[in-house]
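# Coordinates in review
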Amino acid sequence: MKPALELKVSQQLKMTPQLRQAIHLLQLSRLELDQEIRETLDENPLLEEVTPGTEDEFEADADSEPTTTMEVADTTSEQAADNGPDDSVDTDWDAGVEPDYPIAGGAGGEDDELPSLEARSSAPETLGDHLLWQVHMAPLSATDRAIAEALIASINDEGYQTATLGEVADTLGLDEEDVHAVHVWVLHLDPVGVGARDLAECLDAQLDLVPEETPGWATARAIVRHHLEALGGHDYKALRKALGADDDELDAGVAVIRSLNPRPGTVIGGESAPTVVPDVMVSHRGDRWQVELNAEAIPRLRVNAAYADLARSGGDREAKKYVRDHLQQARWFIKSLASRNETLLKVATAIVERQQGFLEHGPTAMRPMVLRDIAETVELHESTVSRVTTQKYMHTPQGVFELKYFFSSQLGTTDGEGVSATAIRAMIQRLVDEEDPAKPYSDARLAEILKEQGYEVARRTVVKYRQAMDIPSSSQRKRRARR
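Overview of the structure. Please read these numbers as outputs of a predicted model, since none were measured by experiment.

Definitions and limits used
Residues numbered from 1 in each chain as written. Predicted model: local features only at pLDDT ≥ 70, side-chain atom pairs only at ≥ 80, totals over all residues. Heavy atoms only, no water. Buried < 20%, exposed > 50% of the residue type's maximum accessible area, 1.4 Å probe, protein only. Helix = DSSP H or I, 4+ residues; strand = E, 2+ residues; numbered from the N terminus. Contact = heavy atoms within 4.5 Å. Pairing = 2+ DSSP bridges. Salt bridge = Lys/Arg side-chain N within 4 Å of Asp/Glu carboxyl O. Polar contact = N/O pair within 3.5 Å; in protein donor to acceptor, adjacent residues only side chain to side chain. 1 Å grid on protein atoms, 1.4 Å probe; cavity = no way out; pocket = protein on both sides within 12 Å on 5 of 7 lines; lining within 4 Å. Points joined across faces, edges and corners; volume = space filled by probe spheres on them. Nonpolar A, V, L, I, M, F, W, Y, C, P; charged D, E, K, R; others polar. Axes fitted to C-alpha atoms, helices over the stretch in contact; angles between N-to-C directions. Parallel < 35°, antiparallel > 145°, perpendicular 65-115°, else oblique. Left-handed = near helix turned anticlockwise from the far one by under 90°. Arc of directions from axis to C-beta.

### With respect to helix α10 (residues 217-226)
Three- or four-residue spacings in an α-helix give side chains the same orientation, since the helix completes a turn every 3.6 residues. The set of residues buried in α10 consists of Trp-217, Thr-219, Ala-220, Arg-221, Ile-223 and Val-224. Buried residues along α10 sit against α9 (199-207), α11 (228-232), α12 (236-243) and α13 (247-258).

Have a look at this one:
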């Protein structure tokens, strides 16, 4: 082949580092964003976090001032209707942060000096700590205290003894009878039943605190000590025969056992569930819904003024280049963070604008909504809306919800308007809660009731939603009511 030159014209779409960084920050949850910011602060000396009292120490960059509050006209209130036509969304530019060099973050104030919610939360008390506290407060001998501490050391999170009494006795060089006596005492610490070697011993210890005159107490004691396996297998016929009890006596005994805790250790300690800090706060003020970014969830960053001055002053060329490069990176990061906050606020405001019925009346008033609806409103791609709504939370008068919760498919109605799947699930839950326990609604009956109310929902759809909400079938609900 003979070599030759050839000219081609083509188009390519390339992502700049700034755009790639903005997209990356957009999809992070609050915890992931905090970690990303910490790593960036460690790597870039020109980037620093704003602390209370230092907000006005250097020049502000007005172009990067973020919007932190938006308002939505309340279209469901009579007062809003009387006011005549108005813009659906108003931007309160004065509610944002007074930026420093720039600042990417939330507004400061008197509350900035208060510790964060995590800092104000004490460490959870463990089960072992709770039990040892009771041991140290009791008038025990040194030997009994040592036995109690050894027993507690071998109790698992559910409250059961993992070592035999013989093993504890051998470890301490004592008689097993001495260990057994202290073990009986440990069983009646708070929570009662902790330290038991099996379920029967755990429940039997708890029955010691139930008054003997309680209906079904004697039957419960007999079941726990001799027939617990039959109870676990729901063999009530065998229980009635073995105990010589009628249905009322058996039901009373089973009710007493159900009031006990088979895992007493779970009452105390354990890892505390992570607290969900909402990214967006929604409140009703006058005739408008106010949507604002949560100040606690917004990191506040700025460029270090002292280092920034080095880029404009004379000095070593390599040092100036290092400062200029990191200064540009810091500005990119702050602008990307501000863009993330602005996009989050726009999407949240659009959601509030469409779901005002839910905010006032709950899940049954949820409107059907898909990503395309919000994407068209805020003029973003659906994939961007999906990133914004993942692992971001909104605090509303109805509770705290992930932004994705507000999206649901549409089901048909007799008037042709459509209803959201979330609203149908809420209606099914309400019907089940209000039904006669002795005559629960079947899935077909639930579908009929919804159809009578104007909602075209098939029986298989009712079954799918019921199972998704962990609602037992009508036969299981009826059997549970009889017990």
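So much for the structure itself; the text now carries on.
### Description of the pairing of strand β7 (residues 393-396)
Every second residue of β7 is oriented toward a common face, the buried set being Met-394 and Thr-396 and the non-buried set Tyr-393 and His-395. Taken together, the 2 bridges between strand β4 (residues 280-285) and β7 define a ladder with parallel strand orientation. Looking at β7, one finds that Val-280 is bridged to Met-394. With 4 bridges connecting them, β7 and strand β8 (residues 399-402) associate as antiparallel partners. Bridge assignment links Tyr-393 to a residue of β8, and that residue is Glu-402. Where β7 folds back on β8, the antiparallel hairpin that results is connected by 2 residues.

### Some details on the pattern of salt bridges
This model, assessed by the stated rule, comprises 16 salt bridges. Between Arg-302 and Glu-48 there is a salt bridge; the shortest N-O distance is 2.6 Å. Highlighted residues: Arg-302 in strand β6 (residues 301-303) and Glu-48 in strand β1 (residues 47-49), separated in sequence by 254 residues. Of the two residues examined, Arg-302 and Glu-48, each falls in the buried class. Its salt-bridge partner being Asp-204, residue Arg-221 comes within 2.5 Å of it at the nearest N-O pair. Placement of Arg-221 in helix α10 and of Asp-204 in helix α9 is noted, with a sequence separation of 17 residues between them. With respect to burial, Arg-221 and Asp-204 carry one shared label: buried. One network of salt bridges, in which partners are shared, links Asp-204, Asp-208, Arg-221 and Arg-225.

### Focus on the environment of His-130
With respect to the helices, strands and loops of the structure, His-130 is situated in helix α5 (residues 127-137). Assessed through its relative accessible area of 11%, His-130 is described here as buried. Remark: the alpha-carbon pair of His-130 and Asp-190, spanning 60 residues in sequence, is separated by 8.2 Å. Here Asp-190 takes part through its side chain, which lies 2.8 Å from a polar atom of the side chain of His-130.

### Some points on the environment of Thr-164
Mapping Thr-164 onto the fold places it in the loop between α6 (142-153) and α7 (165-172). Of note is the side chain of Thr-164, whose polar atom sits 3.1 Å from the backbone nitrogen of Glu-167.

### Some words on empty space enclosed by the protein
Counted under the stated rule, the structure contains 1 cavity of 30 Å³ or more. In this structure, the largest cavity occupies an estimated 50 Å³ of space. Around the largest cavity, the lining residues are Arg-30, Leu-33, Asp-279, Leu-293, Asn-294, Ala-297, Ile-298, Arg-340, Asn-341 and Leu-344. Looking at side-chain class alone, the lining of the largest cavity contains 5 nonpolar, 2 polar and 3 charged residues.

### With respect to the packing of α5 against α6
For any two helices packed against each other, the geometry comes down to the angle between their axes and how far apart the axes lie. α6 packs onto α5 with a crossing angle of 170 degrees between their chain directions and a minimal axis gap of 10 Å. In this view, α5 runs roughly antiparallel relative to α6, as classed from their interaxial angle. Residues Gly-128, Leu-131, Leu-132, Val-135 and His-136 of α5 touch α6, and the partners they reach there are Arg-145, Ala-148, Glu-149 and Ile-152. Residues of the contact of α5 with α6, tallied by class, amount to 5 nonpolar, 2 polar and 2 charged.

### Here's the deal with the packing of α7 against helix α8 (residues 176-187)
Viewed as axis vectors pointing N to C, α7 and α8 meet at an angle of 115 degrees, and their least axial separation amounts to 9 Å. Classified by chirality, the crossing of α8 by α7 is right-handed. Mapping the contact onto sequence places Leu-165, Gly-166, Val-168 and Ala-169 in α7 and Glu-176, Val-179, His-180 and His-183 in α8. A breakdown of the residues in the contact of α7 with α8 according to their chemical character gives 4 nonpolar, 3 polar and 1 charged.

### Here's the deal with unusual backbone geometry
Here the residue pair Asp-190 and Pro-191 is connected by a cis peptide bond, since its omega of 0 degrees sits within 30 degrees of zero. Assignment of secondary structure puts Pro-191 in the loop between α8 and α9. Look at His-234: it is not a glycine, yet its phi comes out positive at around 55 degrees. Mapped onto the fold, His-234 is located in the loop between α11 and α12. Using a relative accessible area of 46% as the deciding quantity, one classes His-234 as partly exposed. Phi at Gln-391 is positive, roughly 60 degrees, even though this residue is not glycine. In this fold, Gln-391 is placed in the loop between α18 (382-389) and β7.

### Observations concerning helix α20 (residues 443-452)
Of the residues making up α20, those classed as buried are Asp-443, Leu-446, Ala-447, Ile-449 and Leu-450. Taken down its axis, α20 places every buried residue within 160 degrees of arc, on the same side. Away from the buried face of α20 by more than 90 degrees, exposed residues Lys-451 and Glu-452 are located. Those residues of α20 that are buried lie in contact with α19 (421-434) and α21 (459-468). Downstream of α20 by a residue or two, Gly-454 has a phi angle that is positive, lying close to 100 degrees.

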